[in-house]
Amino acid sequence: MKTLEIRWHGRGGQGTVTAAKTLGESMIETPLYFQAFPEYGPERMGAPVKAYNIISDEKILTHCPVINPNVVIVVDPSLIYSENFLEGATEDADVILNTGKNPSAIRKELNISGKKIYTVDANKISLECLGRVIPNTPMLGALLRVTQILPLETFLNHVKHTFAHKKFSEKIIIGNLEAIKRAYEEVKGE
Amino acid sequence: MQKFDAFTGNLAVATAMKQINPDVCAAYPITPSTEIMMIFADFVSNGEVNTELVTVESEHSAMSACIGASLAGGRVMTATSSAGLAYMWELLSVASGLRCPIVMTCVNRALSAPLNIHCDHSDAMGARDTGWIQIFSENAQEAYDNVIQAIRIAEHKDVKLPVMVCVDGFIISHSYEKMQYMEDKEVRDFVGEFKPYKSLLNVEKPETFGAMVLPNYYMEFKRQVREGMERARQVILEVGEEFSQRFGRYYSNFENYMLDDADFVFVVMNSAAGTVKHVVKNLREKGIKAGVLKPRVFRPFPFKEIADTLKNSKIICVLDRAETFGAEGGPLYLEIKSALQTIESNPTVINRIFGLGQRDFLPYHVENVFKEMRNYLDSGNIKMFDYVNLRD
C-alpha cells in the first residue's frame, strides 16, 4: 500500500489531536503500523493546531513531522481562509475540508490546481447529531470514505468500544457514531 | 502472550512501571515526564499496584526519598525531565555512591535559558558522570523494554547501580505508535523479586549508611562505582540476551543498522536514529554504502565494540542532540573520537549538533549532511563541526 501521511489542521479544543489519536488507535484492528502525534507546543484554546498520522504496511522509522502530506484535513472552516493548508502537500493529495461549499466552488475561490478536493459540512452534522459543534468525529468519517483505510463498520465498532471504555454516555456514543456515518455518506468529491 | 496496542512513550513507561510493581515511587511533576506519574498515580489509586507513591515538593526531595526507600530495602522507581533532573543532581551521585539500584526514566528535555519545554539531551548529558547507567530508547517500544531490563541490570549483584532510561520528550513521550507489550505476569517473572543486599530495616543486623569518609578511603569507594559500572557491560548484554530469548526483541549495547560494509556512518541516539535510518535505507536502495550506529548504552560506553565496528568506515558523522560549550564537539562525538583512539585505523569523524530545544530534524537535513560527507571523499574538504538546520 501507499504510506498515508496525514496532516490535520484544527483549533485547540476542537479535538483535532484526539481525532488523529483515534484514527491511529483504530489501526490496531489491522496489521498496519501507525503513528499519531500533535505539533508539539503550548496548548491554547482556539489557536491553530496541527496533528499528524502516518499509516503504513511497513515499520515506520521516522520520528518527525509530516512535511509532504498526501492527505490534508481541515477541521475548522475558518482555517480554510487563514492557514496555508496546502503547504508541502503532494500533487495528488486528498484535501478534505469542513465546509458547506462544494469542492469546485472552493477550488475556484482559492485558485487551487491539482489535488483532489473533498468537502463535508461537519459543523452541521455535529450540531444535528450531538447538539454542539465538535467537528472532529465527522471528519474521521469523511477521511475513511476518501482513503478507504478501514471498513466503516470496523471503525464504528472501534469508536463504540473506546468511547464506552471512556465511560461516555449512551447518547454521546450514538451521536458520534451517527456523525461519522453521516459524514461518510455526505462527503463530496469533485 | 504479547499484544499490540497504541502507546505513547509516557504510557509505555507507566505501563512497564505498573507491571514491575515497585515498592516505592517518589516523584515531582515536570513536563514532558509528568504524564508518567499521572498515569502511574491512577494505577496506585485503582489498586493495580501496591506501590507507596510519595508526592514530594521538589525533585531534590524526590531523589532523596528514593534513596531513603532504596536503602530501606525497597525496589524504587521515579521519572523526571530537564530542570527536574538538574535539581536532583546533588543526589544523583549519592544514589550511585550508596549503590542504590533505583530506576529512573528521564524524558529528555532542553535546559533553560531560554525557557524551552521541548526535546534535547542536555539534561541526561549533564548527568553522564554521576555514576548512573544510562540507556537510550528510540521509540515507545524501546522505552518499555528498557525500563523492564533496567530493573534487572540495576539490581544485579555485580552492578548495584542506579539506571537512567532516556526517552525523547514529546517526539516519543507524547506520540502514539504501535507497540507490543507483555502480560503483567511475564514481566513480573522476568524482573523477579527484589532481594536487597543490605537494608536499613534489617534490625537483626544494624548498619550505617551514608557515613562520612575521609581522604584515606574516599577514592576506594569511587573505584568500586567504576568497577560496578565495568561489570555492568556484561550484565547489560546478558539481560538483553535473556530478554530477546523470552520476548523476541533483540537488545545489545548498540544497534548496528546496515553497518557491515558501510563507508558512510552516522552515529546518533534516541528518536532521531529512526529518521536517520529511514534516509540510510533509501541510500542503500541507491547502492550507497551507508549505515547507522545507534548507541543504546551511553554509560558504560561500549567504546571497544564501537571502535571495532567503525574501523573500516571512511567517514563518520556523529550527531549530538546536546551542546558542550568549549569542548571540541558534542558529548557523543567526544566518546566516539576517544573510542577510535583504541584502534589502528583512523576514519574521519565530523560532528553535527542538531535538534536543540527540538529544532526540526527532517530526512532532508540528514541527506544534506550526507552530501557533505560524499563531497569530502572527492575533495578532502569538510567542516569538522557544524550545526544542522540553524539560521545564519
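See above for the structure.
Below is a summary of the structure that appears in this document. (Residues numbered from 1 in each chain as written. Chains lettered and ligands numbered in written order. Predicted model: local features only at pLDDT ≥ 70, side-chain atom pairs only at ≥ 80, totals over all residues. Heavy atoms only, no water.)

From N to C terminus, chain A includes 6 helices and 7 strands. Order of helices (α) and strands (β) in chain A, N terminus to C terminus: β-α-β-β-β-β-α-β-α-α-α-α-β. Here the C-alpha atoms of chain A give a radius of gyration of 15 Å, agreeing with the 16 Å that 2.2 N^0.38 yields for 190 residues. Considering only C-alpha atoms, chain A reaches an extent of 45 × 40 × 35 Å along its principal axes. Every one of the 190 residues in chain A was classed for burial, and the buried ones make up 55%. Counting contacts in chain A only where the partners sit at least 6 residues apart, residues at least 24 apart contribute 63% of the total. As displayed, chain A offers around 8700 Å² of accessible surface, 51% of which is attributable to carbon and sulfur atoms. Each charge class in chain A was averaged separately, 22 positive and 22 negative side chains, and the resulting centres sit 4 Å apart. (Helix = DSSP H or I, 4+ residues; strand = E, 2+ residues; numbered from the N terminus. Rg over C-alpha atoms; globule rule 2.2 N^0.38 Å. Buried < 20%, exposed > 50% of the residue type's maximum accessible area, 1.4 Å probe, protein only. Contact = heavy atoms within 4.5 Å. Areas by Shrake-Rupley, 256 points an atom, 1.4 Å probe, with all protein chains shown as cover. Lys, Arg positive; Asp, Glu negative; His and termini not counted. Charge placed at Lys NZ, Arg CZ, Asp CG, Glu CD.)

Quick look at the pairing of strand β5 (residues 103-108) of chain B now. All names here are of chain B. Burial within β5 is extensive, with 6 of its 6 residues counted as buried. Side chains of β5 alternate between two faces, with V103, T105 and V107 and M104, C106 and N108 buried alike. In the sheet, strand β4 (residues 76-80) pairs with β5 via 4 bridges, with the strands oriented parallel. Bridge pairing in β5 links T78 to M104. Between the parallel elements β4 and β5, the chain passes through helix α4 (residues 82-97) in a crossover that is right-handed. As paired elements, β5 and strand β7 (residues 163-168) share 6 bridges and run parallel to each other. Paired with C106 across the bridge in β7 is C166. (Pairing = 2+ DSSP bridges. Right-handed = clockwise from strand over helix to strand, strands pointing away.)

Below, the discussion takes up the interface of chain B and chain A. Facing 26 residues of chain B, the contacting portion of chain A comprises 21 residues. Seen at the junction of chain B and chain A, the total is 1 salt bridge. Mapped by element, the contributors of at least two residues to the side of chain B that touches chain A are β1 (3-7), β8 (176-181) and α9 (272-285) of chain B. With 5 residues, the top contributor of residues to the side of chain B that touches chain A is α9(B). Along the lines of polarity and charge, the residues of the side of chain B that touches chain A split into 10 nonpolar, 9 polar and 7 charged. In this sheet, β8(B) lies alongside strand β2 (residues 33-38) of chain A in antiparallel orientation, the contact comprising 2 bridges. Note on β8(B): the bridge partner recorded for A36(A) is Y176(B). (Salt bridge = Lys/Arg side-chain N within 4 Å of Asp/Glu carboxyl O. Nonpolar A, V, L, I, M, F, W, Y, C, P; charged D, E, K, R; others polar.)

What follows covers helix α4 (residues 136-147) of chain A. Residue and element names in this part refer to chain A. Helix length check: α4 (12 residues) gives 16 Å between terminal C-alpha atoms against 16 Å at 1.5 Å per residue, within 8%. Burial analysis of α4 places 11 of its 12 residues in the buried class, which makes it a mostly covered element. Within the sequence span of α4, burial applies to N136, T137, P138, M139, L140, G141, A142, L143, L144, V146 and T147. In the segment just after α4, Q148 is the residue with positive phi, at about 55°. (Expected span 1.5 Å × (residues − 1).)

Another aspect to go through is the nonpolar core. All names here are of chain B. Counting residues in each nonpolar core, the largest one holds 54 residues, and the members touching the most others are I133, Y144, I148 and V163. In terms of residue count, helix α6 (residues 140-155) provides more of this core than any other element does, 9 residues in total. I133 has contacts with I153, V159, L161, P162, V163, M164, M229, A232, I236, R299 and P300, leaving out every residue within four places of it along the chain. Formed by 45 residues, the second largest nonpolar core is a distinct cluster that contains A127, M164, F254 and I306. (Core = buried A, V, L, I, M, F, W, Y, C linked by side-chain atoms within 4.5 Å.)

Let us look at the pairing of strand β2 (residues 24-27) of chain B. Residue and element names in this part refer to chain B. Neither face of β2 is exposed, since V24 and A26 on one face and C25 and A27 on the opposite face are all buried. As defined by bridge partners, β2 adjoins strand β3 (residues 52-55) across 4 bridges and the pair is classed as parallel. Counted as the bridge partner of A26 is V54 from β3. Since β2 and β3 lie parallel, the crossover through helix α2 (residues 34-45) that links them has a hand, and here it is right-handed. Judged from the 2 bridges that link them, β2 and β4 form a sheet pairing that is parallel. Paired with V24 across the bridge in β4 is V76.

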